[in-house]
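In case you want the letters, here they are:
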Amino acid sequence: MEARGVDVDQITAELYGMKPSEFIAARDAYAAQARAAGDKQTARRITELRRPTLAAWAANLLARNDSDETERFLRLGQALREAHRTLDPARLRELSHQQHQVITTLARSAVTLAEEAGQPVTEGVHQEVERTLRAVLADPATAEAWAAGCLVKAGEASIGFAGLEPEVAPHRSATTRRTAPDGTDTGSRKAPSAPATGSVEKKKERARREAARKAARTAATEAGQKEHALRAAGQEHERATTRLADAEERLATLRTQLDQAREDRTAARSRANETAKRVRTAEKEAKAARRAADVATRAVDTTGDIG
């Protein structure tokens, strides 16, 4: 892998195509090579890349696998966001039903692609993939990252379309303008007083409407609280899943290092035994050579005495 001269976008695309368990080692290798080549800016940008969650990676496989299906899903998200803005009930019902079917189908496809890539997926991660795809529909930024196959995790807009403000119709005045038969504006006129019985019924009707509005506000508040709790639970689950993946990755790294250390120890022990034998052999040879030298020296001395 050569970092210098390679576009960071290309490196990013390659990294996010890897399994999450392979991401950190490959990213750090690219960054190290960039630093060794003196390209500190590239090294910094590579180091800043975050590993995707397992669910985000599986969802990214969909975008990488089928561009036509990706485009259809993005169009569905645009239509859903528009329907929520305009509060079109018929369109919302139609698209919501379609959304449920498409997400269910795509999540199963993502799980299949992940397993074909050699990455088993639990039921919890399967559900997280569905939540991630809902985030793609709800949030344009999440959709953009997903379409590029580089989504890191589902954003906070993953539950519903609460962040979209509906379009509000202009307020109409309660006062009715009257027009004379000749077209002249006769000004505001109040409705003629109703009989006493009618007034009582109107008061009752107003009371019923106010009670209904109050109940609707209460229900909306409770729904918002439940949705907030659901978002918080989903985010906590995502953090826990990420921590689990980190722990599993560290454990796998430590196991690899332990296996390597054991192999190194075995090789070192074998080498030590071999060199010990060579030392003993060398000691014997050295002693023998010393004895031979001593004998030769004594022979020289003896010869000298005779002469």
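Treat the numbers as computed from the prediction; the structure is a model and nothing was measured.

Engineer: An account of the overall build of the protein chain is requested, with residue identities and associated values reported.
Structural biologist: Looking only at helices and strands, one finds nine helices and two strands in the protein chain. Along the protein chain, from the amino end to the carboxyl end, the secondary structure elements read α-α-α-α-α-α-α-α-β-β-α. Across the 307 residues of the protein chain, 26% fall into the buried class. Of all intrachain contacts in the protein chain linking residues separated by at least 6 positions in sequence, the fraction that spans at least 24 positions is 66%. Looking at the protein chain as shown, the accessible area adds up to about 20,600 Å², and 53% of this sits on carbon and sulfur atoms.

Engineer: Outline the nonpolar core, supporting the account with residue identities and numerical values.
Structural biologist: Counting 33 residues, the largest nonpolar core has Leu62, Phe73, Val129, Leu133, Val136 and Trp146 as the members making the most contacts within it. Those elements that place two or more of their residues in this core are helix H4 (54-65), helix H5 (67-86), helix H6 (89-116), helix H7 (123-138) and helix H8 (140-147). If near-sequence neighbours (up to four positions away) are discounted, phenylalanine 73 is found in contact with Val102, Ile103, Leu106, Leu133, Val136, Leu137 and Trp146. Residues Ala26, Tyr30, Ala31 and Leu49 belong to the second largest nonpolar core, which totals 10 residues.

Engineer: Account for the packing of H5 against H8, naming residues and giving values.
Structural biologist: Two quantities define a packed helix pair, namely the angle between the helix axes and the distance between the axes. The interhelical angle for the contact between H5 and H8, taken along N-to-C directions, is 180°, at an axis separation of 11 Å. Of the possible angle classes, the one that applies to H5 and H8 is roughly antiparallel. The segment H5 lies against H8, with Thr70, Phe73, Leu74 and Arg81 engaging Pro140, Ala143, Trp146 and Ala147. Broken down by class, the residue content of the contact of H5 with H8 amounts to six nonpolar, one polar and one charged.

The rules behind each value
Residues numbered from 1 in each chain as written. Predicted model: local features only at pLDDT ≥ 70, side-chain atom pairs only at ≥ 80, totals over all residues. Heavy atoms only, no water. Helix = DSSP H or I, 4+ residues; strand = E, 2+ residues; numbered from the N terminus. Buried < 20%, exposed > 50% of the residue type's maximum accessible area, 1.4 Å probe, protein only. Contact = heavy atoms within 4.5 Å. Areas by Shrake-Rupley, 256 points an atom, 1.4 Å probe, with all protein chains shown as cover. Core = buried A, V, L, I, M, F, W, Y, C linked by side-chain atoms within 4.5 Å. Axes fitted to C-alpha atoms, helices over the stretch in contact; angles between N-to-C directions. Parallel < 35°, antiparallel > 145°, perpendicular 65-115°, else oblique. Nonpolar A, V, L, I, M, F, W, Y, C, P; charged D, E, K, R; others polar.

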